[in-house]
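# Per-entry structural report
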Amino acid sequence: MDQPKADPYAVFRPRRGRRVALVAAVLSVLIFTIGAISLPGKDVLYGGWGFGDRMLLVGTGFAVAFLMWRYATIRAVPTREGLTVRNLVLTRRLEWAQIVRVQFGGGAPWVSLDLDDTDTVAVMAIQKADGAFGQAEAGRLSALVQVHGARFDAD
């Protein structure tokens with residue numbers, strides 16, 4: 001179950017983080033909606049929760065669910081031409097030759113790529129929380145970088 005994919009170009013996706021995010025999205029909508037329904041109504045003397053307040057609470061639940069859904073859809077898609085990294089907010093397309101090094105050490109929770117322009121790109125799709133599977137996926141990505149990396153022409 002924790003073995004890397006046999007296809008070197010299989011999509012990178014987190015396992016544990018994805019499951020947690022999907023469960024959290026469903027729970028967010030349920031908890032905020034149940035909370036909005038069960039709050040006391042408007043009281044002339046003491047105020048209370050009106051329709052707008054309840055809709056704001058339900059909307060907050062859906063906003064949290066959207067963020068969790070977005071987290072559940074993070075991935076890195078390798079092709080022969082390069083790597084497309086979809087993180088929580090940004091999606092970035094990289095050519096293999098741009099990637100200088102794959103890092104998966106220290107206290108970082110996921111893989112990071114050092115690029116030839118000195119920029120660093122996080123690959124949230126390969127996470128330490130996935131244990132041995134995450135390590136194997138980092139190795140697979142590193143192998144792809146080595147195979148497709150910068151090629152120097154001999155003059």
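From a predicted model like this one, the values you see are computed outputs, not experimental measurements.

The secondary structure content of the chain amounts to three helices and six strands. For the chain, the sequential pattern of α-helices and β-strands runs α-α-β-β-β-β-β-β-α. Taken across its 155 residues, the chain has 34% of its residues classed as buried. A fraction of 48% describes how many contacts in the chain between residues 6 or more apart in sequence connect residues 24 or more apart. Accessible area of the chain: about 9500 Å², with a carbon and sulfur share of 64%.

Two elements in contact, helix α1 (residues 16-38) and helix α2 (residues 51-72), have axes whose closest approach is 8 Å; the angle formed by their N-to-C orientations is 175 degrees. The orientation of α1 relative to α2 falls into the category roughly antiparallel. Counted by class, the contact of α1 with α2 contains 16 nonpolar, six polar and two charged residues.

With four of five residues buried, strand β2 (residues 82-86) is to be regarded as a mostly interior element. As paired elements, strand β1 (residues 75-78) and β2 share four bridges and run antiparallel to each other. Opposite alanine 76, over in β2, you have valine 85 as the bridge partner. Hairpin geometry of β1 and β2 is characterised by an intervening segment of three residues between the two adjacent antiparallel strands. The pairing of β2 with strand β3 (residues 91-95) spans five bridges and is classified as antiparallel. Note on β3: the bridge partner recorded for threonine 84 is arginine 93. Two successive antiparallel strands, β2 and β3, enclose a turn made up of four residues.

The subject of this paragraph is the nonpolar core. Judged by nonpolar contacts, the single largest core of 21 residues is most densely connected at Leu83, Ile99, Val111, Leu113, Val123, Ile126 and Leu141. Among the secondary structure elements, those contributing two or more residues to this core are β2, β4 (99-103), β5 (110-115), β6 (120-127) and α3 (132-148). Contact partners of isoleucine 99, with chain neighbours within four places excluded, come to Leu83, Leu94, Leu113, Asp114, Leu115 and Val145.

By the secondary structure assignment, glycine 82 is in strand β2. In contact with glycine 82, not counting residues within four places along its chain, are Val77, Arg93, Leu94, Glu95 and Trp96.

Sheet strands associate in pairs through backbone hydrogen bonding, adopting either a parallel or an antiparallel arrangement. With antiparallel pairing, three strands are arranged side by side in an open sheet as β1-β2-β3. Lying at the two open borders of the sheet, with one neighbouring strand each, are β1 and β3. Averaged over all adjacent pairs, the angle separating strand axes in this sheet is 15 degrees, with direction ignored.

Conventions and cut-offs
Within any chain, residue numbers begin from 1 and follow the written order of that chain's sequence. Confidence filtering applies because this is a predicted model: local features only for residues at pLDDT of at least 70, side-chain atom pairs given and counted only at 80 or more, and all residues used for totals across whole chains, interfaces and linings. Excluding hydrogens and water, the side-chain values take into account all heavy atoms of the structure. Helix and strand definitions here come from DSSP, where helices need a minimum of 4 consecutive H or I residues and strands a minimum of 2 consecutive E residues; each element is numbered from the N-terminal end. Buried means the residue's accessible area, taken with a 1.4 Å probe over protein chains only, is under 20% of the maximum for its type, while exposed means over 50%, and partly exposed covers the values in between. Contacts were defined at the residue level, with two residues in contact if any of their heavy atoms lie within 4.5 Å. The Shrake-Rupley method, run with a 1.4 Å probe, gives the accessible areas here. Residue values count only the displayed protein chains as cover. Convention adopted: a line fitted to C-alpha atoms gives each axis, helices being fitted over their contacting stretch, and angles between N-to-C directions are expressed from 0 to 180 degrees. In these notes the angle categories are as follows: under 35 degrees is roughly parallel, over 145 is roughly antiparallel, 65 to 115 is roughly perpendicular, and the rest is oblique. Here the term charged refers only to Asp, Glu, Lys and Arg, the term nonpolar to Ala, Val, Leu, Ile, Met, Phe, Trp, Tyr, Cys and Pro, and the term polar to all other amino acids, Gly among them. A pair of strands is treated as paired once DSSP finds two or more bridges between them. By nonpolar core is meant a set of buried Ala, Val, Leu, Ile, Met, Phe, Trp, Tyr and Cys residues that side-chain atoms within 4.5 Å join together.

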